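These are the residues of each chain, in order.
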Amino acid sequence: MYTVVLDWLEERLRSGEISVGDKLPGERHLAEEFGISRASVREAIRILDAMGLVRSSTGSGPSAGAIVISEPSAALGWALRMHVATRSLPVRDLVQTRLLLETQSAREAAAAPDSPERSAALGRAAELVAAMEEPALPDEDFHAHDAQFHVLLASLAGNVVVETVMASLRQATIGYVQETVAGIADWPAVRRTLQDQHRGILESFQQRRGEDAAAALHHHITWFFGHSDVAQDR
């Protein structure tokens, strides 16, 4: 029965009657409107929350209830991680998808017009590379900066769907990255090589050398993947 609430919200979002930031009607109102139980309404809200479409707050007052948000990468990333865990989605296929998306984005980013957003993204990418140079930076932060670096560069192509999928793929492969690093005997040396590669990739983007950026990304991704047990099993 809860699907009637999902269908209702989709229709209202498409028509513009409800927008991001709006508050949904209360459980009692929705239950009465659709002739379903409040338990079914709560189930619908839980699903919308998991999908990154609403944020729920309990209690009373203006901040309580379900607010419409839009966080597609978080929901998609969570779903992908679960299916990777079941081995329904092979890690090597996720890596191949990253290769396709990132290399094509690099080519398109080279032709994208100058804009404040482009300058800001490149500036932030440079900051991340600089931060990753710090030897005392914890590995967990290094991986987080690395992930953000790749998503930022993919965003330069101006395709919001690609940017969202990229962010989701990075979330989905967190476990694979951690397991790979744990199995590398000389991780500090590998980390230094990754940094050399990051600098070269960033320079290619800054200079709008699309093919060079695509080639550098391809080498960077496949080189690291080559250290994983998944790659050795191919």
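Presented here is an overview of the structure given in this document. (Residues numbered from 1 in each chain as written. Predicted model: local features only at pLDDT ≥ 70, side-chain atom pairs only at ≥ 80, totals over all residues. Heavy atoms only, no water.)

**So, the pattern of salt bridges**
Enumeration according to the criterion identifies 18 salt bridges in this entry. R38 is paired through a salt bridge with E27; the nearest N and O atoms lie 3.6 Å apart. Here R38, found in helix 3 (residues 38-50), pairs with E27, found in helix 2 (residues 27-34); they are 11 residues apart in sequence, far enough to count as distant. Exposure remark for R38: the relative accessible area of 38% places this residue in the partly exposed category. Between R209 and D212 there is a salt bridge whose closest N-O contact spans 2.7 Å. Residue classification places D212 among the partly exposed positions, given a relative accessible area of 38%. Among the ionic contacts, a cluster of salt bridges with common partners joins E11, R12 and E17. (Salt bridge = Lys/Arg side-chain N within 4 Å of Asp/Glu carboxyl O. Helix = DSSP H or I, 4+ residues; strand = E, 2+ residues; numbered from the N terminus. Buried < 20%, exposed > 50% of the residue type's maximum accessible area, 1.4 Å probe, protein only.)

**Focus on the packing of helix 7 (residues 139-155) against helix 8 (residues 160-172)**
The interhelical angle for the contact between helix 7 and helix 8, taken along N-to-C directions, is 165°, at an axis separation of 9 Å. Classified by the interaxial angle, the pair formed by helix 7 and helix 8 is roughly antiparallel. Here helix 7 runs over helix 8; the crossing is right-handed. Contacts from D146, A147, H150, V151, A154 and S155 in helix 7 reach E163, M166, A167 and R170 in helix 8. Of the residues contributing to the contact of helix 7 with helix 8, the split by class is 5 nonpolar, 2 polar and 3 charged. (Axes fitted to C-alpha atoms, helices over the stretch in contact; angles between N-to-C directions. Parallel < 35°, antiparallel > 145°, perpendicular 65-115°, else oblique. Left-handed = near helix turned anticlockwise from the far one by under 90°. Contact = heavy atoms within 4.5 Å. Nonpolar A, V, L, I, M, F, W, Y, C, P; charged D, E, K, R; others polar.)

**Digging into the packing of aromatic side chains**
One pass over the full model with this rule turns up 2 aromatic pairs. With a centroid separation of 6.0 Å and 70° between ring planes, the pair formed by W8 and F34 is classed as edge-to-face. Separated by 26 residues along the polypeptide, W8 in helix 1 (residues 3-15) and F34 in helix 2 bring together distant segments of the chain. Overall, F34 belongs to the partly exposed group, its relative accessible area being 24%. For the ring pair F142 and W187, a centre distance of 6.0 Å and an interplane angle of 85° mean the geometry is edge-to-face. One end of the pair, F142, is in helix 7; the other, W187, is in helix 10 (residues 187-206), and 45 residues separate them in sequence. (Phe/Tyr/Trp six-rings, centres within 6.5 Å; stacked < 30°, edge-to-face > 60°.)

**Things to note about unusual backbone geometry**
Phi at R87 is positive, roughly 70°, even though this residue is not glycine. At R208, a position not held by glycine, the phi torsion is positive, near 60°. Of the residues examined, R208 reaches a relative accessible area of 29% and is grouped as partly exposed.

**Comments concerning the side chain of R118**
Turning to its location among the elements, R118 is positioned in helix 6 (residues 116-132). Here A109 takes part through its backbone oxygen, which lies 3.1 Å from a polar atom of the side chain of R118. Those residues in contact with R118 that sit more than four places away from it in its chain are A109, P113, L156, F205 and R208. (Polar contact = N/O pair within 3.5 Å; in protein donor to acceptor, adjacent residues only side chain to side chain.)

**Some points on helix 1**
The end-to-end C-alpha separation of helix 1 is 18 Å, in line with the 18 Å expected for 13 residues at 1.5 Å each. V5, L6, W8, L9 and R12 are the residues of helix 1 that are buried. Summarising the axial view, the buried residues of helix 1 lie within an arc of 160°, below the 170-degree limit, and thus occupy one face. The secondary structure elements touched by the buried residues of helix 1 are helix 2, helix 3 and strand 1 (54-57). (Expected span 1.5 Å × (residues − 1). Arc of directions from axis to C-beta.)

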